[in-house]
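Here is what each chain is made of, one letter per residue.
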Amino acid sequence: MTDTTDHNAEEQPSFPEDMVIADTVRWLERAVIGLNLCPFAKGVHVKGQIHYVVSQASDAEGVANDLHRELEALAEANPEKRDTTLLILPEALTEFLDFNDFLEIADAMVEELDLAGILQVASFHPRFQFEGTDVDDVTNCTNRAPYPTLHLIREDSLDKAVEAFPEAESIYERNMEVLEDIGLEGWLDLDVGPRCPVTGHGAPAAPGAVAATSTAVANQDADR
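Residues numbered from 1 in each chain as written. Predicted model: local features only at pLDDT ≥ 70, side-chain atom pairs only at ≥ 80, totals over all residues. Heavy atoms only, no water.

S.K.: Break down the nonpolar core for me, citing the residues and quoting the values.
M.R.: For soluble globular proteins, nonpolar side chains are generally found buried alongside one another. Within the largest apolar cluster, 32 residues are counted, with the highest numbers of intra-cluster contacts made by Trp27, Leu28, Tyr52 and Trp187. Secondary structure elements with two or more residues in this core: helix H2 (17-33), helix H3 (41-46), strand S1 (50-54), strand S2 (84-88) and helix H7 (170-189). The leading source of residues in this core is H2, at seven residues. Val53, Ala92, Val121 and Phe128 belong to the second-largest nonpolar core, a separate cluster that totals 24 residues. (Core = buried A, V, L, I, M, F, W, Y, C linked by side-chain atoms within 4.5 Å. Buried < 20%, exposed > 50% of the residue type's maximum accessible area, 1.4 Å probe, protein only. Helix = DSSP H or I, 4+ residues; strand = E, 2+ residues; numbered from the N terminus.)

S.K.: Can you lay out the packing of aromatic side chains for me, pointing to particular residues and giving the numbers?
M.R.: What describes a pair of aromatic rings is the distance from one ring centre to the other and the angle between the planes of the rings. According to the stated counting rule, one finds four aromatic pairs in the structure shown. Ring geometry for Phe96 versus Phe128: centroids 5.1 Å apart, planes at 80°, classification edge-to-face. Here the residue Phe96 occupies a position in helix H5 (residues 96-112), and Phe128 occupies one in the loop between strand S3 (119-124) and strand S4 (149-154), the gap between them amounting to 32 residues. With respect to class, Phe96 is no different from Phe128; both count as buried. Between Phe128 and Phe130, the aromatic rings sit 4.7 Å apart at their centres with planes inclined by 90°, giving edge-to-face as the arrangement. Take Phe128: its relative accessible area is 14%, and that puts it in the buried class. The exposure class of Phe130 is partly exposed, given its relative accessible area of 24%. (Phe/Tyr/Trp six-rings, centres within 6.5 Å; stacked < 30°, edge-to-face > 60°.)

S.K.: Tell me about the layout of surface pockets, residues and numbers included.
M.R.: There is about 630 Å³ of room inside the largest pocket. The set of elements that each furnish at least two residues to the lining of the largest pocket consists of H2, H3, S2, S3, S4, helix H6 (155-164) and helix H8 (212-223). With seven residues, H6 is the single largest residue contributor to the lining of the largest pocket. (1 Å grid on protein atoms, 1.4 Å probe; cavity = no way out; pocket = protein on both sides within 12 Å on 5 of 7 lines; lining within 4 Å. Points joined across faces, edges and corners; volume = space filled by probe spheres on them.)

S.K.: Tell me about the environment of Thr149, and name the residues and values.
M.R.: Mapped onto the elements, Thr149 comes out in strand S4. Owing to a relative accessible area of 1%, Thr149 belongs among the buried residues under this scheme. Taking the C-alpha atoms as reference points, Thr149 and Ala122, 27 residues apart in sequence, are found 8.5 Å from one another. Leave out the neighbours within four places in its chain, and Thr149 touches Leu86, Leu87, Ile88, Phe99, Ala122, Ser123 and Phe124. Engagement of the side chain of Thr149 in a polar contact is seen with the backbone oxygen of Tyr147, the distance being 2.8 Å. (Contact = heavy atoms within 4.5 Å. Polar contact = N/O pair within 3.5 Å; in protein donor to acceptor, adjacent residues only side chain to side chain.)

S.K.: Can you lay out a negative patch on the surface for me, pointing to particular residues and giving the numbers?
M.R.: On the surface, Asp98, Asp101, Glu104, Asp107, Glu111, Glu112 and Asp114 cluster together to form a negatively charged patch. On the secondary structure map, Asp98 appears in helix H5. (Patch = residues over 30% accessible without salt bridge, like charges linked within 9 Å, V, L, I, M, F, W, Y side chains within 5 Å. Areas by Shrake-Rupley, 256 points an atom, 1.4 Å probe, with all protein chains shown as cover. Salt bridge = Lys/Arg side-chain N within 4 Å of Asp/Glu carboxyl O. Lys, Arg positive; Asp, Glu negative; His and termini not counted. Charge placed at Lys NZ, Arg CZ, Asp CG, Glu CD.)

S.K.: Residues and numbers for the pattern of salt bridges, please.
M.R.: A complete count under the given rule lists six salt bridges for this structure. Across the pair Asp23 and Arg26 runs a salt bridge whose closest N-O atoms are separated by 3.1 Å. Of the two residues, Asp23 and Arg26 are both situated in helix H2; the distance of three residues between them amounts to about one turn of the helix. Where Glu95 meets Arg127, a salt bridge forms, and the shortest distance between an N and an O atom there is 2.9 Å. Of the two residues, Glu95 is situated in the loop between S2 and H5 and Arg127 in the loop between S3 and S4; the sequence distance between them amounts to 32 residues. Residue classification places Arg127 among the partly exposed positions, given a relative accessible area of 47%. One connected set of salt bridges, linked through shared partners, spans Asp23, Arg26 and Arg195.

Here it is as structure tokens:
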């Protein structure tokens, strides 16, 4: 019996890379930069120094393999050409608790690769929820993005950002105020959620976003 299966169709990702990247860039431009949630995001965006990678992994092991590759690649890349990497996971770690558990693996990998003090991994998830908040609390948007995302950041870039923005610890408080001012309805009006992989039309958007750099810089500055 002849096998008429369209193997090429089977190999097509359910979330096309161009769509996932477009969703992420839209989130970056409308929310992160548009609302000035991260004062440092516009520079690397305008200069084309953000490297977008869409993982096709469907489990933690696959994500770990992709993260290992991208950590090494960023460490070896010229910072003027690639300052930071967004590793986007449209089909893996969709449950927030699973994603949160994976962050321990990510931190351990940075240590194992002898990249501690050189690179760090920040994170965003469309279902992020602060302890003690309701799922639709707009303050959860500070740690949300269209897809589960690992943000690979250069420590040197964080240091420079802190020097250029000495009140980095105030970013988080300001962002909370901005999000509370626009409210959940205002956030949804930005239309920065993921799109349906079949139609390409907008899907109901979960509240979400703030650049990883702002959170990481604020945390680093607070630790000093």
